[in-house]
Amino acid sequence: MAGKALVITSGKGGVGKTTTVANIGTALAMMDHRVCLIDADIGLRNLDVVMGLENRIVYDIVDVVEDNCRLEQALIRDKRHKNLFLLPAAQTRDKTAVQPEQMKTLVNELKEDMDYVIIDSPAGIEQGFKNAIAGADFALIVTTPEVSAVRDADRIIGLLEAEGIKDPEVIINRINPEMVSRGDMMSIEDIIEILAVKLKGIVPEDQIIVVSSNRGEPVVLKDNPKAGTAFKNIARRISGQEVNFISLEDKSFFTKLKKIFSFS
Amino acid sequence: MKSPITFKVAKDGIVLSLDPEANFKRIKDALRDHVESATNFYAGADLYINIAESSFKIDQLNEIVNIARGYKDVKNIIFTSDVINRETTDTLEISNEGETYLINRTLRSGQKIKKAGNVVIIGDINPGAEVVAGGDIVVFGKIRGVVHAGAGGSDKASVTALKLDPTQLRISKKIARPPEENSKNKKLQPERAFIQEGNIMVEKFEI
Ligand SMILES: Nc1ncnc2c1ncn2[C@@H]1O[C@H](COP(=O)(O)OP(=O)(O)OP(=O)(O)O)[C@@H](O)[C@H]1O
Ligand SMILES: [Mg+2]
């Protein structure tokens with residue numbers, strides 16, 4: 001049984017890729033799937049911190065590629081879910097320490113044993129990005145409702161198409177319902193209209209994300225009504241369930257959402 | 001055998017380079033053939049004849065000018081030896097100026113299409129994408145990126161789209177930007193942009 005490899009990428013930095021990987025990975029594990037997260041942001045590793053696993057790292061992805069250890073030795077088991085693993089990035093090396101071909105081999109090996117392999121891509125379109133997408137079957141693009149982030153997301157979709165990764169889907173992060181209803185933010189329909197790809201989820205701006213990242217506890221672990229529910233819903237959609245988009249109480253926000261349904 | 005004359009489209013006109021090794025009669029014949037087969041691609045453009053490294057007598061230069069006058073509607077004929085400045089890296093090969101290229105997808109940010117002929121796109125031109133054509137640009141979709149029609153200097157080129165909302169629109173040497181207050185109107189309204197009396201005009205396109 002081979003699992004699926006999913007890359008989370010964005011183009012623009014700081015839009016929430018690592019947060020998304022940690023949360024949908026944890027949520028999928030909570031649904032009893034076997035999940036491995038790969039931090040492909042070599043040189044700027046973060047995912048271990050957001051997962052609260054930093055102090056357990058012995059080996060990293062570069063050690064595996066350079067045969068300093070076996071793959072199983074580098075995998076860190078999550079402290080909360082025994083079916084969730086992390087392959088950490090190296091902090092003291094750079095992107096060139098791994099080649100796309102090696103990455104592909106690694107991901108394929110992990111897929112043998114996992115339901116989902118989720119790859120956290122670095123920002124940008126250089127080698128780090130190429131490594132991150134090398135073994136992926138599907139891509140999820142994270143963007144925020146800003147013109148520059150959407151522009152970069154569009155660029156990334158073009159590059160993915162060129163690499164043969166078809167039909168990427170988009171997650172819009174840090175939506176602020178009040179700003180959208182005031183017209184101060186790009187609306188979801190504006191974004192989807194430009195990108196012309198399927199919407200996978202909408203995650204609201206939520207202070208709790210910053211707190212939970214600092215504590216190393218993904219928000220999906222607690223019953224968090226805003227961002228937590230949004231990430232859980234994305235995980236359920238990934239595993240094939242139909243889930244309606246969250247309403248976030250705000251009326252005008254809800255109307256906007258209804259419009260996209262008719263759009264796609 | 002390689003042609004003794006070569007053409008490049010530069011920012012401010014067309015550069016014709018004469019091979020300094022070739023004999024004068026071959027140059028003349030090649031130029032005459034080219035003039036005869038040329039379309040109005042050169043209309044409104046300046047023609048720079050690059051004589052760098054060649055040595056011609058004054059009456060030979062005269063003969064060249066006389067042949068080059070045969071290009072329809074060329075604005076000025078200018079001799080130059082300054083190749084580097086005129087031939088930007090942005091040059092187009094213009095051997096296919098009559099052709100039409102069909103692009104059957106949306107151009108996304110960072111993607112650029114550059115063709116000597118006409119370009120027809122079935123899809124959108126997204127913000128951050130760019131299309132440069134020697135001839136016309138026709139888009140069965142929305143233009144939100146940068147488009148340049150008549151890039152070889154043709155004032156007769158036009159840009160047509162189901163929705164014209166470009167970051168910047170250029171025809172020949174003219175540049176237009178849409179008004180600052182961005183149009184919230186999402187309705188598709190086919191429009192065509194072209195040059196009239198030296199300005200870029202936009203008219204609703206009646207089908
Ligand atoms: N929905 C949200 N609400 C509030 N803060 C958020 C949200 N999503 C992400 N953040 C915050 O934004 C910052 C950047 O997030 P994150 O590290 O996940 O982005 P990234 O895309 O992985 O960045 P990089 O490109 O540097 O890898 C973090 O401080 C995170 O806590
Ligand atoms: Mg990150």
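Residues numbered from 1 in each chain as written. Chains lettered and ligands numbered in written order. Predicted model: local features only at pLDDT ≥ 70, side-chain atom pairs only at ≥ 80, totals over all residues. Heavy atoms only, no water.

**What to know about the overall build of chain A**
So, step 1. Summing up its helical and strand segments, chain A has 12 helices and 8 strands in all.
So, step 2. In terms of overall size, chain A behaves like a compact globule, its C-alpha atoms giving a radius of gyration of 18 Å where 264 residues would be expected to give roughly 18 Å.
So, step 3. By residue count, 57% of the 264 residues in chain A fall in the buried class.
So, step 4. A fraction of 75% describes how many contacts in chain A between residues 6 or more apart in sequence connect residues 24 or more apart. (Helix = DSSP H or I, 4+ residues; strand = E, 2+ residues; numbered from the N terminus. Rg over C-alpha atoms; globule rule 2.2 N^0.38 Å. Buried < 20%, exposed > 50% of the residue type's maximum accessible area, 1.4 Å probe, protein only. Contact = heavy atoms within 4.5 Å.)

**Brief notes about the environment of aspartate 120 of chain A**
All names here are of chain A.
So, step 1. Assignment of secondary structure puts aspartate 120 in strand 5 (residues 116–120).
So, step 2. Taking the relative accessible area as the measure of exposure, aspartate 120 reaches 1% and is therefore buried.
So, step 3. Aspartate 120 sits 79 residues away from leucine 199 along the chain, and the two C-alpha atoms are 19 Å apart.
So, step 4. Once residues lying within four places of it in the same chain are set aside, the contact partners of aspartate 120 are Ile8, Lys17, Thr18, Val21, Ile38, Asp39, Ala40, Asp41 and Leu47.
So, step 5. A polar atom in the side chain of aspartate 120 sits 2.7 Å from the side chain of threonine 18. (Polar contact = N/O pair within 3.5 Å; in protein donor to acceptor, adjacent residues only side chain to side chain.)

**Describing the interface of chain B and chain A**
Interface size is often expressed as the accessible area that is lost when the parts come together.
So, step 1. In this assembly, 11 residues from chain B lie in contact with 12 residues from chain A.
So, step 2. Buried surface at the junction of chain B and chain A, summed over both partners, amounts to about 1000 Å²; 36% is from carbon and sulfur atoms.
So, step 3. Our enumeration of links across chain B and chain A arrives at 4 salt bridges.
So, step 4. Here arginine 108 of chain B makes a salt bridge to glutamate 161 of chain A, at a shortest N to O gap of 3.6 Å.
So, step 5. Inspection of the chain B/chain A interface yields 8 residue pairs in polar contact (both at pLDDT 80 or more). (Buried area = accessible area lost by both parts, 1.4 Å probe. Salt bridge = Lys/Arg side-chain N within 4 Å of Asp/Glu carboxyl O.)

**With respect to the packing of aromatic side chains**
So, step 1. Under the definition given, this model contains 0 aromatic pairs over all chains.
So, step 2. Directly above the ring of tyrosine 101 of chain B sits lysine 115 of chain B, whose terminal nitrogen or CZ lies 4.7 Å from the centroid. (Phe/Tyr/Trp six-rings, centres within 6.5 Å; stacked < 30°, edge-to-face > 60°. Lys NZ or Arg CZ within 6 Å of the ring centre and 35° of its normal.)

**Examining the site of ligand 1**
All names here are of chain A.
So, step 1. As a structural note, the neighbourhood of ligand 1 is formed by 17 residues, with Gly14, Lys17, Thr18, Thr19 and Asn173 the closest of them.
So, step 2. Here ligand 1 has 640 Å² of accessible area as a free molecule, and 80% of this is covered by the chains.
So, step 3. Where the shell around ligand 1 is concerned, the elements lending two or more residues are helix 1 (17–30), strand 7 (169–175) and helix 10 (207–215).
So, step 4. The residue makeup of the shell around ligand 1, split by class, is 5 nonpolar, 7 polar and 5 charged. (Near = heavy atom within 4 Å. Areas by Shrake-Rupley, 256 points an atom, 1.4 Å probe, with all protein chains shown as cover. Nonpolar A, V, L, I, M, F, W, Y, C, P; charged D, E, K, R; others polar.)

**Looking at the confidence of the model for chain B**
All names here are of chain B.
So, step 1. Chain-level pLDDT for chain B is 81 on average; 82% of the residues reach the 70-or-more range.
So, step 2. Mean pLDDT across the elements of chain B bottoms out in helix 3 (residues 83–86) (45) and peaks in strand 10 (residues 146–149) (96).
So, step 3. Here residues 84–96 scores under 50 on pLDDT; set against residues more than four positions off or in separate chains, the count is 34 contacts.
So, step 4. The ipTM assigned to the predicted complex is 0.76, against a pTM of 0.74. (pLDDT = per-residue confidence, 0-100.)

**Points about the environment of serine 212 of chain A**
Residues and elements named next belong to chain A.
So, step 1. Looking at the element boundaries, serine 212 is found in helix 10.
So, step 2. Taking relative accessible area as the criterion, serine 212 reaches 9% and is therefore assigned buried.
So, step 3. Sequence-wise, serine 212 and valine 50 are 162 residues apart; in three dimensions their C-alpha atoms are separated by 7.8 Å.
So, step 4. Those residues within four positions of serine 212 in sequence are excluded, and the remaining contacts are Glu217, Pro218 and Val219.
So, step 5. Polar side-chain contacts of serine 212 include one of 3.1 Å to the backbone oxygen of isoleucine 209.

**Description of the domain arrangement of chain B**
So, step 1. Its domain assignment divides chain B into domain 1 (5–80) and domain 2 (100–204).
So, step 2. Domain 1 of chain B and domain 2 of chain B are separated by 30 Å when their C-alpha centres are compared. (Domains from an automatic or database assignment.)

**Some words on the side chain of asparagine 23 of chain A**
All names here are of chain A.
So, step 1. Of note, asparagine 23 is situated in helix 1.
So, step 2. Since its relative accessible area comes to 2%, asparagine 23 is described here as buried.
So, step 3. Looking at asparagine 23, its side chain comes within polar contact range of the main-chain oxygen of threonine 19, at 2.8 Å.
So, step 4. The contact partners of asparagine 23, leaving out residues within four places of it in the chain, are Pro218, Val219, Val220 and Phe231.

**Quick notes on the sheet that holds strand 2 (residues 35–39) of chain A**
All names here are of chain A.
So, step 1. The mixed open sheet is built from 8 strands, whose spatial order is 3-4-2-5-1-6-7-8. Whereas interior strands pair on both sides, the edge strands pair on one side only; in this sheet they are strand 3 (76–77) and strand 8 (198–204).
So, step 2. The pairing of strand 6 (residues 138–143) with strand 7 spans 4 bridges and is classified as parallel. Each bridged residue has a counterpart across the sheet, and for leucine 140 the counterpart in strand 7 is glutamate 169. (Pairing = 2+ DSSP bridges.)

**Description of the pairing of strand 8 (residues 130–133) of chain B**
Residues and elements named next belong to chain B.
So, step 1. Summarising the sheet, strand 6 (residues 112–115) and strand 8 pair through 4 bridges and their orientation is parallel. Within strand 8, the position partnered with lysine 112 by the bridge is glutamate 130.
So, step 2. Pairing geometry for strand 8 and strand 10, over 3 bridges, is parallel. Across the sheet, residue glutamate 130 finds its bridge partner in strand 10, namely valine 146.

**Regarding the pattern of salt bridges**
So, step 1. Using the criterion set out here, one finds 22 salt bridges over all chains in the structure.
So, step 2. Across the pair aspartate 113 of chain A and arginine 34 of chain A runs a salt bridge whose closest N-O atoms are separated by 2.9 Å. With aspartate 113 of chain A in helix 5 (residues 100–113) and arginine 34 of chain A in the loop between helix 1 and strand 2, this residue pair connects regions lying 79 residues apart in the sequence.
So, step 3. When its relative accessible area of 30% is taken as the criterion, arginine 34 of chain A is described as partly exposed.
So, step 4. The partner of glutamate 130 of chain B in a salt bridge is lysine 112 of chain B, and the shortest N-O contact between them spans 3.6 Å. Highlighted residues: glutamate 130 of chain B in strand 8 and lysine 112 of chain B in strand 6, separated in sequence by 18 residues.
So, step 5. Under the relative-accessibility criterion, glutamate 130 of chain B is labelled partly exposed at 23%.

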